[in-house]
Amino acid sequence: MAKKFLFLLLLIFNNLFSQNQLPVIPYPTEVILNSGSFLINNKTVIEADANMFEAQYLQKSIKQKTGLDLKIVSQALNVPKISLIFDYDLPDHSGIKEPYQLTISNNAIVIKAEYNQGIFYGIQSLLQLFPSDKKNEISIPCLKINDNSKYKWRGMHLDCARHFFPKEFIKEYIDYLAMYKMNTFHWHLTDDQGWRIEIKKYPKLTEVGAWRNGSMIGHYTDQKFDDKRYGGFYTQDDIKEIVAYANQRHITIVPEIEMPGHAMAALAAYPEYSCTGGPFEVGKTWGVLDDVFCPKDETFTFLENILTEVIDLFPSKYIHIGGDESPKVRWKVCSNCQKRIKDENLKDEHELQSYFIQRIEKFVNKKGRKIIGWDEILEGGLAPNAAVMSWRGTEGGIAAAKQNHFVVMSPGSHCYFDHYQGEPKNEPIAFGGYTTLEKVYSFNPTPKELSSDEAKYILGAQANLWTEYIETPSHVEYMIFPRMLALSEVLWGTSIPEKYADFQNRVIQHFDIFEAKGINYSKSIFEITTKTSSSLNNNGILFELKSAINTKGIRYTTDGSEPNLNSKEYTSPLEITKSQTIKAALFENEKQKSATVEQKFYSSKTLGKKITLVNQPHENYSIGGAFTLVDGIIGNRSKFGRDWLGFSGKDLNATIDLGKLEDINKVMLSVLESRGSWIYYPKEIIIFVSNDGQEFENVTKHSLSEIQDVKGEVVLDVKGKKARYIKIIATNLGKIQDGNPGAGSDAWLFIDEIGVE
Ligand code: ACM
Ligand code: ZN
């Protein structure tokens, strides 16, 4: 029995710690494994200054993890100890506070660093080497870690305006960041739907602005509302407490005060700082609203007084001033705005926005701080010292770095954690998008377009968590876990996308930590993932099933019945040539291990056929590429995370080669509208056919009103045409008109399956 146990232990040990695979995230820059182990039990002491926060943090964490109550002593001779020591000279030391060394030998654990922050990170690594079940004696393998980060800005954002999260949870959020050596918390405190920070000089900001008389329920697409009063705010005392809490954990809080747009909550309280004078109410609907701050002198005084209090509360070098999604509708017809444009010799409203941001920048700089803003602040000219947060892709960040401005990368494609992380139909309702753990792990914050000098301006990256669809702390946890782990390793600089499987193994070990702490997390990596691809002869498609935990044991049915132990075992991609439903699940040891995945296929003459696009879809919505339109999968309308192609400001111009002359009676396609996400129906859909792929004949079209009548499920009658090629053009709405969400910006065009019968 004992022998068997030992064997098992060795097996586990080998699994955990073989091939440099310590269960540490982010993975350290250097790991040297040695033989032997250190035993922690109730005789072990922590050798450190008892007043040092890090020593107390370590003591408390060990107590929580193991139940062991270790003493902190200033000097420990000849006893097993964990020493925290301030002397660590790096050969190339340049004021970075993060490096540390962790040495575990038979008789001591030593964490050395020059600064408290390094000690704190050494503690985080050490704690991740502890088993997650409580024991009286813990064995930790001998090893040495030398560690340091790559990027300075390792950030997580949280939107507390759309939904309010209590102070206690903000502290937990900060704890989560600290566990994974993230160092920046971007706190989104103001928006159309709520003002969340007490400002002494303007009490109505929270008396009025922190409360709304109803919220959207369900997805924006549903346009349903409740009429419940909703709100909350942080007092200045709360904020001081949270800033101090974060500071102890070596996390800088960057507050965001949105301007000139996303200002409805402030304007509901003080309508005199708008263009029209109001009245307004705090936003109940998500999206982008037209009423924004009017750049008159009184508004600047108001905002400067607010920023003075904000700067006094937050010691961060950067103050985030928003700057995104600010419609110009009101400015275009406001006499104050037009006078300002004339007086300042500005070209247009974009330059007025630039004037706005530059004037605020001057004020913030005078206070000894710097501004950071969303990438729209590039439009009309960047403020001289501003840093840019690149969210609409990486292009804004590249442009800013080329102008020698600092950049934080946060593109929707990899860093928006309000996107789906698993198969959308199995996930709670989300904004849209499809950003899996693997996708986050593949992120490179430094674009290859930058020279090595320009690359120095990339401070790092952060993930954004907008909370339109996230109401509870537990749902926040679900959206960041485990994706934050991937981002933390990317930013620490040790991610190796080609070795995603190794990372995933470590993540699965961290699930035990989440369980022990009661953290809600997504188990989407356990779901069977699916992928479609064109079969070799453009005759049907291939449907691939994959499990993250096992390469064997997936069973499936093709007749719509539930899979069970007797169903066919999956061995290679399934050929789909007709309409059918595949259901599959993973079975291990006679038990179903995963949820059942279900995929309906719709077959028409286009299934798996060759398709080419003139314009490419945007990187955020292009999974599967052009083939997505003929893969037999019809995109989900309420959870449009994947299976749709999204074109930003561009038309769909697709040509499908049916392979031979075919009778064509009907062309079917789906287009989506979700105005809150700036997704609009096309102006027009036009169908052409051709026998040779050169000369096309225009056969029919649908106008916008016809598309609206059928709610985007378009069927075009082609009346018995014979042709081999079919071309479909769907004309993007272009710039979104005034009065609509996203006014002035490029509309998105979302298309899925194109069928021909
Ligand atoms: C943003 O997502 N509007 C910055
Ligand atoms: Zn105005």
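Some words on the overall build of the chain
For step 1, the next point in the chain: Secondary structure summary: the chain contains 19 helices and 38 strands in total.
For step 2, the next point in the chain: Its C-alpha atoms give the chain a radius of gyration of 28 Å, within 12% of the compact-globule value 27 Å for 757 residues.
For step 3, the next point in the chain: Principal-axis analysis of the C-alpha atoms places the extent of the chain at approximately 90 × 75 × 50 Å.
For step 4, the next point in the chain: The proportion of buried residues among the 757 residues of the chain is 58%.
For step 5, the next point in the chain: Once the 86 positive and 95 negative side-chain charges of the chain are each reduced to a mean point, those two points are 3 Å apart.

Looking at the pairing of strand 36 (residues 697–703)
For step 1, the next point in the chain: The pairing of strand 35 (residues 684–690) with strand 36 spans six bridges and is classified as antiparallel. Note that in strand 36 the partner of Ile687 across the bridge is Thr700.
For step 2, the next point in the chain: From the end of strand 35 to the start of strand 36, which pair antiparallel, there are six residues, and Gly693 there has a positive phi angle of about 80°.

Concerning the packing of aromatic side chains
For any pair of aromatic rings, geometry is given as the distance between the ring centres together with the angle between the planes.
For step 1, the next point in the chain: Tallied over the full model, the rule gives 41 aromatic pairs.
For step 2, the next point in the chain: Taking the centre distance of 4.1 Å and the plane angle of 10° together, the rings of Tyr441 and Phe503 count as stacked. Separated by 62 residues along the polypeptide, Tyr441 in helix 14 (residues 437–441) and Phe503 in helix 18 (residues 500–517) bring together distant segments of the chain.
For step 3, the next point in the chain: Using a relative accessible area of 2% as the deciding quantity, one classes Tyr441 as buried.
For step 4, the next point in the chain: Where Phe511 meets Phe526, the ring centres are 5.7 Å apart and the plane angle is 85°; that geometry is what we call edge-to-face. Here the residue Phe511 occupies a position in helix 18, and Phe526 occupies one in the loop between helix 18 and strand 24 (529–534), the gap between them amounting to 15 residues.
For step 5, the next point in the chain: Using a relative accessible area of 4% as the deciding quantity, one classes Phe511 as buried.
For step 6, the next point in the chain: Overall, the relative accessible area of 22% leaves Phe526 in the partly exposed class.
For step 7, the next point in the chain: Taken together, the ring pairs in this structure connect Phe164, Phe165, Phe169, Tyr173, Phe185, Trp187, Tyr234 and Phe314 into an aromatic cluster.
For step 8, the next point in the chain: Taking the ring centre of Trp492 as reference, the NZ or CZ of Lys181 above it sits at 5.6 Å.

Focus on the packing of helix 4 (residues 167–179) against helix 16 (residues 473–480)
For step 1, the next point in the chain: Viewed as axis vectors pointing N to C, helix 4 and helix 16 meet at an angle of 15°, and their least axial separation amounts to 11 Å. The angle between helix 4 and helix 16 places the two elements in the roughly parallel class. Between helix 4 and helix 16 the crossing geometry is right-handed. Contacts from Phe169, Glu172, Tyr173 and Tyr176 of helix 4 reach helix 16 at Pro473, Val476, Glu477 and Ile480.
For step 2, the next point in the chain: Split by residue class, the contact of helix 4 with helix 16 holds six nonpolar, no polar and two charged.

Here we look at the side chain of Gln504
For step 1, the next point in the chain: Relative to the elements of secondary structure, Gln504 occurs in helix 18.
For step 2, the next point in the chain: Excluding residues within four positions of it along the chain, Gln504 makes contact with Ile525 and Ala548.

A word on the environment of Lys456
For step 1, the next point in the chain: Of note, Lys456 is situated in the loop between helix 15 (452–455) and strand 23 (458–463).
For step 2, the next point in the chain: Spatially, the C-alpha atoms of Lys456 and Tyr234 are 36 Å apart, while their sequence positions differ by 222 residues.
For step 3, the next point in the chain: A polar contact of 2.9 Å, which involves the side chain of Lys456, links it to the side chain of Asp453.

The rules behind the values
- Residues numbered from 1 in each chain as written.
- Chains lettered and ligands numbered in written order.
- Predicted model: local features only at pLDDT ≥ 70, side-chain atom pairs only at ≥ 80, totals over all residues.
- Heavy atoms only, no water.
- Helix = DSSP H or I, 4+ residues; strand = E, 2+ residues; numbered from the N terminus.
- Rg over C-alpha atoms; globule rule 2.2 N^0.38 Å.
- Buried < 20%, exposed > 50% of the residue type's maximum accessible area, 1.4 Å probe, protein only.
- Lys, Arg positive; Asp, Glu negative; His and termini not counted.
- Charge placed at Lys NZ, Arg CZ, Asp CG, Glu CD.
- Pairing = 2+ DSSP bridges.
- Phe/Tyr/Trp six-rings, centres within 6.5 Å; stacked < 30°, edge-to-face > 60°.
- Lys NZ or Arg CZ within 6 Å of the ring centre and 35° of its normal.
- Axes fitted to C-alpha atoms, helices over the stretch in contact; angles between N-to-C directions.
- Parallel < 35°, antiparallel > 145°, perpendicular 65-115°, else oblique.
- Left-handed = near helix turned anticlockwise from the far one by under 90°.
- Contact = heavy atoms within 4.5 Å.
- Nonpolar A, V, L, I, M, F, W, Y, C, P; charged D, E, K, R; others polar.
- Polar contact = N/O pair within 3.5 Å; in protein donor to acceptor, adjacent residues only side chain to side chain.

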